[in-house]
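Structural description and commentary
Chain residues, written in single-letter form:
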Amino acid sequence: MTAEIKKSRGRPRVFDMDEALEKALKIFWARGYEGTSIAELTETLGVNKPSMYAAFGNKEELFYKALLRYASGPVAFVNDVLKEPTARKVAETFLFRAAEFLTDPQHPKGCMIVQGALSSGESAELVRNILIKFRKSYEDQLAERFTKAISDGDLSSKANPKCLAKYLATIHQGMSVQATSGATKDELLDVANIALKAWQV
């Protein structure tokens, strides 16, 4: 997807919106919503403010588009996790893959959906609510998978799918914060292994 953006001086140049969105994603991922300034966005994307707004909308809209890109790209592995044959394997793969992903040096540390608006003021309330919905969506998917596991006889009928999903989500969110603070993959794998020892269902 490309568009021609006219600069105040000089000839029009081709503006690669796909590439620009990828750059915006990495900035928001690394700095969160409020930690990312309009000035930083326009400088990194190589456009002025009116051109950015024309291409993506305001800052909130750009963040949302970057978030959708993040969900369909970097964290799409969660969909594969849900296909694991047992509930225990789902939990194990989810935490192990998270430990690798959250500390991968090829992109910002931590999870954009967790970090995006943890510390924010009233101006970011809409973004904070969007991120809450995204996190709940992942919990709901895990809970649905564990409900199926009970039907399949893989989990005890006494198991609480929503509680199990929230347990994993809580561990994952803590691992994300630890990753942004410098925790290594091996350290997070140790945390995951300890968490899995409590899997008595």
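Since the model is a prediction, treat every value here as computed from it, not as a measurement.

Details of the overall build of the protein
Looking only at helices and strands, the protein features ten helices and two strands. Its helices and strands taken in sequence order, the protein reads β-β-α-α-α-α-α-α-α-α-α-α from the N to the C terminus. Expressed as a percentage of contacts within the protein between residues at least 6 apart in sequence, the contacts between residues at least 24 apart total 64%. For the protein, the computed accessible surface area is about 11000 Å², with 51% contributed by carbon and sulfur atoms.

Let's talk about the confidence of the model for the protein
Taken over all residues, the pLDDT of the protein has a mean of 89, while the share at 70 or more is 89%. Here residues 4-13 is a poorly scored stretch, pLDDT under 50, and it has twelve contacts once near neighbours within four places are set aside; other chains count.

A look at the nonpolar core
Most often, soluble globular proteins have nonpolar side chains that are buried together. Counting residues in hydrophobic clusters, the biggest one holds 62 residues, and the most contacted among them are F28, F56, Y70, L95, M112 and F146. With nine residues, the top contributor of residues to this core is helix 6 (residues 87-102). Apart from residues no more than four positions distant in its own chain, F28 is found in contact with Y33, T36, L41, K59, L62, F63, A66 and M112.

Observations regarding the pattern of salt bridges
The tally for this structure, following the rule as stated, stands at eight salt bridges. For K136, the salt bridge goes to D140, with nearest N and O atoms at 3.0 Å. Pair noted here: K136 and D140 are both in helix 8 (residues 125-151), with a separation of four residues, about one helical turn. With relative accessibility at 38%, the residue D140 sits in the partly exposed group. Taken together, the shared-partner salt bridges in this structure form one network comprising D18, E22 and R69.

A few points about the packing of aromatic side chains
Across all of its chains, the model carries eight aromatic pairs by this definition. Between the aromatic rings of Y33 and F63, the centroid separation amounts to 5.5 Å while the plane-to-plane angle is 80°, which identifies the pairing as edge-to-face. Remark: F63 occurs in helix 4 (residues 59-72) and Y33 occurs in the loop between helix 1 (17-31) and helix 2 (38-45); sequence separation between them is 30 residues. A residue is classified by how much of its surface remains accessible, and F63, at 0% relative accessible area, is buried. Members of the aromatic cluster, each reached through a chain of ring pairs, are W29, Y70, F77 and F101. Over the face of the ring belonging to Y33 we find K59, whose NZ or CZ atom lies 4.4 Å from the ring centre.

So, the side chain of E139
Following the sequence through the fold, E139 ends up in helix 8. On the basis of relative accessible area, E139 is assigned to the buried category, the value being 15%. Setting aside anything within four residues of it in sequence, one finds E139 in contact with A165, K166 and A169.

Here's the deal with helix 3 (residues 49-56)
Helical geometry: 3.6 residues make up each α-helical turn, so side chains three or four residues apart lie on a common side. When helix 3 is considered as a whole, its buried residues turn out to be S51, M52, A55 and F56. Angularly, the buried residues of helix 3 cover 105° about the axis, an arc narrow enough to put them on a single face. Facing away from the buried side of helix 3, by more than 90 degrees, are the exposed residues P50 and A54. G57 sits one or two positions beyond helix 3 and adopts a positive phi of about 90°.

Points about helix 2
Taken as a whole, helix 2 has its buried residues at L41, T42 and L45. Viewed end-on, helix 2 has its buried residues packed into an arc of 90°, placing them on one side of the element. Looking at helix 2, the residues exposed on the side facing more than 90 degrees away from the buried face are A39 and E43. Positioned one or two residues after helix 2, G46 has a phi angle of 80°, which is positive.

So, how was this worked out
- Residues numbered from 1 in each chain as written.
- Predicted model: local features only at pLDDT ≥ 70, side-chain atom pairs only at ≥ 80, totals over all residues.
- Heavy atoms only, no water.
- Helix = DSSP H or I, 4+ residues; strand = E, 2+ residues; numbered from the N terminus.
- Contact = heavy atoms within 4.5 Å.
- Areas by Shrake-Rupley, 256 points an atom, 1.4 Å probe, with all protein chains shown as cover.
- pLDDT = per-residue confidence, 0-100.
- Core = buried A, V, L, I, M, F, W, Y, C linked by side-chain atoms within 4.5 Å.
- Buried < 20%, exposed > 50% of the residue type's maximum accessible area, 1.4 Å probe, protein only.
- Salt bridge = Lys/Arg side-chain N within 4 Å of Asp/Glu carboxyl O.
- Phe/Tyr/Trp six-rings, centres within 6.5 Å; stacked < 30°, edge-to-face > 60°.
- Lys NZ or Arg CZ within 6 Å of the ring centre and 35° of its normal.
- Arc of directions from axis to C-beta.

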